[in-house]
Amino acid sequence: MTTMGRLVFGRLTEAWQGEATDFTPLLVDRLDQLGAAIGVELTAAGEAEVLTTGGRRIDIVAQVADGTEFVIENQYGRADHDHLTRGLAYAVARRARGLIVVAEEHRDEFRALAEYLNDLAVLDPARGISVWLVEARAVRVDESAWAPLFTAVIEPNDFAAEVERTRQPGNLSSLDEFERLSSPDVWSAARQVVADWDASGHRRRFGPNHVVLEARGPAKSGVRTVVVLYTDGRVLVPFSSYGGMNSGIPVDALVTDDFRRRADQLFGFNGSEQLARTSPGWLRPEQVPDFLGFCKEVAAAYSAQLARP
């Protein structure tokens, strides 16, 4: 009779007693396994216990094939502020491509922060930092050796497209590629929106799985983001950007209670989000007229602010 093993789950301390002495070296040896969990081909030669200028240490700095770096912080138990902020500070200083925080559990506020940073990375790819929050468990079959099990619980907004891009290199460069990644309804709506936006003389740019609608506005570059359209039908509305987070210049017409109330009613937001995202599939043909009205109102507010002395 064929036997069946029993899968056993355990805490990391049950398998590897020391976080720095046991688990970090294991991660260095298993970077390919961690990379597989987040869809990034991390090289197997990571630098561990990297000393920072402040005298603190970063657990691991890994690289991918093109030489760009990923900062990895790992922790037993629930992730704390120290590991997250230290990893972020070092990742920004090194201009790393991303930060990966591995822990047994991630707090809700850290998940929200990671999502916020990933949204900012879409709006400003040159300065943004992508964040992965990964939960780790120890697993084994019966009395076999323990093995790590990694599960990504927060990923960058372009994660799915990054995986697709490894198979078909290059960002989206046309609406034809947007169509390939979209449902028929999302594609139809996006095509109408982009055609009207182009006809109005505004700008747009493509990302891995999104189109950013832009307009001339008060900023050092002279251009500000209006909204972001994703291939899954989500829409990101950057209220924090309207308020001047990136540029330092708030747009008065876009920070009023009336504007926010109407935006919440259109998109289904709750009034508190600063980088607000709709649910997937929100962008549909029947939403296009009201959606375009919103976008043009934002562009007009940018223009009016530019015209002020």
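These notes cover the structure that comes with them.

Calculation criteria
- Residues numbered from 1 in each chain as written.
- Predicted model: local features only at pLDDT ≥ 70, side-chain atom pairs only at ≥ 80, totals over all residues.
- Heavy atoms only, no water.
- Axes fitted to C-alpha atoms, helices over the stretch in contact; angles between N-to-C directions.
- Helix = DSSP H or I, 4+ residues; strand = E, 2+ residues; numbered from the N terminus.
- Parallel < 35°, antiparallel > 145°, perpendicular 65-115°, else oblique.
- Left-handed = near helix turned anticlockwise from the far one by under 90°.
- Contact = heavy atoms within 4.5 Å.
- Nonpolar A, V, L, I, M, F, W, Y, C, P; charged D, E, K, R; others polar.
- Polar contact = N/O pair within 3.5 Å; in protein donor to acceptor, adjacent residues only side chain to side chain.
- Core = buried A, V, L, I, M, F, W, Y, C linked by side-chain atoms within 4.5 Å.
- Buried < 20%, exposed > 50% of the residue type's maximum accessible area, 1.4 Å probe, protein only.

### Notes on the packing of helix H10 (residues 257-267) against helix H11 (residues 288-307)
And then number 1: Following both chains from N to C, one finds H10 and H11 inclined at 150 degrees, their axes separated by 11 Å at the closest point. Classified by the interaxial angle, the pair formed by H10 and H11 is roughly antiparallel. The crossing of H10 and H11 is left-handed. Every residue of H11 that contacts H10 at Phe 259, Arg 262, Ala 263, Leu 266 and Phe 267 is listed here: Asp 290, Phe 291, Phe 294, Glu 297 and Val 298.
And then number 2: In terms of residue class, the contact of H10 with H11 is built from seven nonpolar, no polar and three charged.

### Section: unusual backbone geometry
And then number 1: Even without being glycine, Asp 142 reaches a positive phi, approximately 55 degrees.
And then number 2: For Asp 142, the position within the fold is in the loop between strand E6 (130-141) and strand E7 (147-154).

### Description of the side chain of Arg 234
And then number 1: Among the structural elements, Arg 234 can be located in the loop between strand E10 (223-230) and strand E11 (235-237).
And then number 2: There is a polar contact of 2.9 Å between the side chain of Arg 234 and the side chain of Asp 232.

### Details of the nonpolar core
And then number 1: If you look at the biggest cluster of nonpolar residues, it comprises 39 residues, and the most contacted ones within it are Val 227, Tyr 242, Phe 267, Phe 291 and Phe 294.
And then number 2: Elements with a minimum of two residues in this core: helix H7 (175-180), helix H8 (184-199), strand E9 (210-216), E10, E11, helix H9 (239-242), H10 and H11.
And then number 3: Counting residues per element, this core draws most heavily on H11, at nine residues.
And then number 4: If we skip the residues at most four places from it in the chain, Val 227 touches Val 211, Val 212, Leu 213, Val 235, Leu 236, Val 237, Pro 238, Tyr 242, Phe 291, Phe 294 and Cys 295.
And then number 5: Val 61, Ala 114, Leu 123 and Val 131 belong to the second largest nonpolar core, which has 27 residues in total.

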